[in-house]
Amino acid sequence: MGWLQGVSVDALRVNQASSVLVQPGQALVQAAATVVVGVPVWVVYWLTSFSRARRTTLWFGYVLPVGVGGSLILAVVGASIVVYQSLVWVVGEPASTQAAAHFEGTPTAGACVIVGAMSWWYHRQVFTAATPERMEVTRIYEYLMAGIALLAAAIGVTMVFVTLVESLVPAAAVEVGTPGVNSLLSGVTLLLVGGPLWWVFWSGSARATRDVPPAGPGPPR
């Protein structure tokens, strides 16, 4: 779905009107074919069957890592690409001075954010309905969400640190590749995307833990 939305936006851009029947058109057909094949399979196996199944370990094994976790990863990756491309265009060193060439993949990334967020929200609602009370699986969900966001933020911190170290190395000793400012912006991007998400999920988990009343004394022996 994200792919289809992205290439649709690409195909509608005015500055690509001369090639709309070539690359964007082919990508649109491929994305549409993927949706036509994938959506019915998902409807048959999930909406009409597995979504109503008994809440077993296998059921949570799909909803948590695939439905909720995979959707969040899709949204984080898409948001990171959008933010990074925007930062590079404004303060970095873009590979092209043409906005159409620089932001070529941005519509698809933006669509991934929308689709990922919608899929996360849907599976989150399904998960919430299956766990009306706070359970061990609820804590697993919170740790999974916080872990994904923390991983993105940690990669961002690492990239910023590596870029700062490389800036101290003589230019002749640095391998030619991505400009230093762009490498720094990629790390900053992951911090901007992953940091707030980690804080939201982790602080929510900590707050819920604090709100749980302490267990009473055990029965007299």
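Below, the structure is looked at part by part. (Residues numbered from 1 in each chain as written. Predicted model: local features only at pLDDT ≥ 70, side-chain atom pairs only at ≥ 80, totals over all residues. Heavy atoms only, no water.)

**Let's talk about the side chain of His102**
Looking at the element boundaries, His102 is found in helix H4 (residues 99-102). From its side chain, His102 meets the backbone oxygen of Gln85 in a polar contact 2.8 Å long. Non-local contacts of His102, meaning those with residues more than four positions away in its chain, are made with Gln85, Val88, Trp89, Pro94 and Ser96. (Helix = DSSP H or I, 4+ residues; strand = E, 2+ residues; numbered from the N terminus. Polar contact = N/O pair within 3.5 Å; in protein donor to acceptor, adjacent residues only side chain to side chain. Contact = heavy atoms within 4.5 Å.)

**Quick word on the nonpolar core**
Counting residues in each nonpolar core, the largest one holds 21 residues, and the members touching the most others are Trp59, Val63, Phe127, Tyr141 and Met145. Listing elements by their share of this core, those giving two or more residues are helix H3 (57-91), helix H5 (106-130), helix H6 (136-168) and helix H7 (180-211). At 9 residues, the largest contribution of residues to this core is made by H3. (Core = buried A, V, L, I, M, F, W, Y, C linked by side-chain atoms within 4.5 Å. Buried < 20%, exposed > 50% of the residue type's maximum accessible area, 1.4 Å probe, protein only.)

**Focus on a nonpolar patch on the surface**
On the surface, Val41, Val44 and Tyr45 cluster together into a nonpolar patch covering about 320 Å² of accessible area. Within the fold, Val41 resides in helix H2 (residues 23-47). (Patch = residues over 30% accessible without salt bridge, like charges linked within 9 Å, V, L, I, M, F, W, Y side chains within 5 Å. Areas by Shrake-Rupley, 256 points an atom, 1.4 Å probe, with all protein chains shown as cover. Salt bridge = Lys/Arg side-chain N within 4 Å of Asp/Glu carboxyl O.)

**Let's talk about the packing of H3 against H6**
Axis separation between H3 and H6 bottoms out at 11 Å; the angle between their running directions is 25 degrees. In terms of orientation, H3 lies roughly parallel with respect to H6. As for the relative orientation of H3 and H6, their crossing is right-handed in sense. Residues Phe60, Leu64, Pro65, Val68, Gly69, Leu72, Ile73 and Val76 of H3 form the contact with H6, whose participating residues are Val137, Ile140, Tyr141, Leu144, Met145, Ile148 and Ala152. Among the residues forming the contact of H3 with H6, the class breakdown is 14 nonpolar, 1 polar and no charged. (Axes fitted to C-alpha atoms, helices over the stretch in contact; angles between N-to-C directions. Parallel < 35°, antiparallel > 145°, perpendicular 65-115°, else oblique. Left-handed = near helix turned anticlockwise from the far one by under 90°. Nonpolar A, V, L, I, M, F, W, Y, C, P; charged D, E, K, R; others polar.)

**A short note on the environment of Leu144**
Considering the arrangement of structural elements, one finds Leu144 in helix H6. Each C-alpha atom of the pair Leu144 and Val68 lies 9.1 Å from the other, and the pair is 76 residues apart in sequence. Not counting residues within four places of it along the chain, the set of residues in contact with Leu144 comprises Leu64, Pro65 and Gly69.

**Regarding the environment of Phe161**
With respect to the element layout, Phe161 can be found in helix H6. Exposure remark for Phe161: the relative accessible area of 57% places this residue in the exposed category. With 23 residues separating them in the primary sequence, Phe161 and Leu184 have C-alpha atoms 8.6 Å apart.

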